[in-house]
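# Per-entry structural report
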Amino acid sequence: MKSLTIKNIESIMEGIASEHPQINTVLKGNIWDVDLTKDVSGVYLIYDVSNIAPNGFNGIDYSIDVFLCDNVTEINTATNEVSVQNECSLIALDMMSIFENYNKTSWADKDLNLVLNKTWSIQPFTERFDSLYSGAAVNVSLSTSFGYNRCSVPRVIPISGLFWGTATEKNWGEATAETWG
């Protein structure tokens, strides 16, 4: 099984958006990025990995802040705010179902070890940026295994002082000028 990475989270958010017809745009960042794509109509999914920490069970937790929001029209604002908060809260609950049943989705990486921690929360909100937005702020934590193994990152090493080459830990001691020919 593979451990969760930030790149996996990006793919998962894109997968959720492609599966959910109400989500029109996915952004990585924070809620202040909401007006970066003004031509979008419909629900934004904005996410940010806010923390990565050990969980005490030979694994790590990724804390993710998710904002689901939509522009609220200025006419009948109170009614529209409640409608948008309701829809975004329902989308957030759908997301929790997807995380809980991740390996059952058709687009899931079946080798990825992912567990939804049952500490998530959803907070409806209304905020004025350049326009009035309502939605749901979600705090979710995903756990994954982590074996504390180091990865083999290519390194640059000098060969006979003439040129530089790359070697992995596997061939580190075997590197010669012929290796880099």
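Summarised in this report is the structure supplied together with it. Position labels on residues start from 1 in each chain and follow its written sequence. Local features in this predicted model are restricted to residues whose pLDDT is 70 or higher, and side-chain atom pairs enter the listing and the counts only when it is 80 or higher, whereas totals over whole chains, interfaces and linings include all residues. Note that the side-chain values use all heavy atoms of the structure and ignore hydrogens as well as water.

## Thoughts on a nonpolar patch on the surface
- Taken together, the side chains of L90, L93 and W120 define a hydrophobic patch exposed on the protein surface, amounting to about 250 Å² of accessible area.
- In DSSP terms, a helix is any run of H or I states spanning at least four residues, a strand is any run of E spanning at least two, and both are numbered starting from the N terminus. Secondary-structure assignment places W120 in the loop between β4 (115-116) and β5 (121-128).
- Judged by its relative accessible area of 31%, W120 falls in the partly exposed class. For patch detection, residues must exceed 30% relative accessible area and be free of salt bridges, and they are connected within 9 Å for like charges or within 5 Å for nonpolar side chains (Val, Leu, Ile, Met, Phe, Trp, Tyr). Here the open area of atoms and residues is found with the Shrake-Rupley method and a 1.4 Å probe, where only the protein chains shown may cover a residue. The term salt bridge refers to a side-chain nitrogen of Lys or Arg lying within 4 Å of a carboxyl oxygen of Asp or Glu. Accessibility here uses a 1.4 Å probe with only protein chains present; expressed as a share of the type maximum, an area under 20% marks a residue as buried, one over 50% as exposed, and anything in between as partly exposed.

## A look at the nonpolar core
- Of all hydrophobic cores here, the largest spans 36 residues; its most connected members are M13, L45, V66, L68 and F99.
- Counting residues per element, the ones that place at least two in this core are α1 (6-19), β1 (23-28), β2 (43-54), β3 (59-71), α2 (77-100) and β6 (132-145).
- Among the elements that take part in this core, α2 stands out by supplying eight residues, more than any other.
- In what follows, a contact means two residues having at least one pair of non-hydrogen atoms within 4.5 Å. Those residues in contact with F99 that lie beyond four places of it in its chain are I12, M13, I16, L114, L116, V140 and L142.
- Of all hydrophobic cores here, the second largest spans nine residues; its members include I31, Y44, C69 and Y133. By nonpolar core is meant a set of buried Ala, Val, Leu, Ile, Met, Phe, Trp, Tyr and Cys residues that side-chain atoms within 4.5 Å join together.

## Brief notes about α1
- Here the expected length of a helix is defined as 1.5 Å per residue gap, with one fewer gap than residues. Between its first and last C-alpha atoms α1 spans 20 Å; for 14 residues at 1.5 Å apiece the expected length is 20 Å, and the two agree.
- Every buried residue of α1 is listed here: N8, I9, I12, M13, G15, I16 and A17.

## Observations concerning the pairing of β2
- Across five bridges, the pairing between β1 and β2 is parallel. Residue pairing for β2: I23 is matched across the bridge by V43.
- The rule for pairing is simple: two strands pair if DSSP sees at least two bridges between them. Both β2 and β3 contribute to a ladder of 10 bridges, which runs antiparallel. What sits directly across from Y44, in β3, is C69.
- Counting the residues in the hairpin turn of β2 and β3 gives four residues, including G56, whose phi is positive at 85°.

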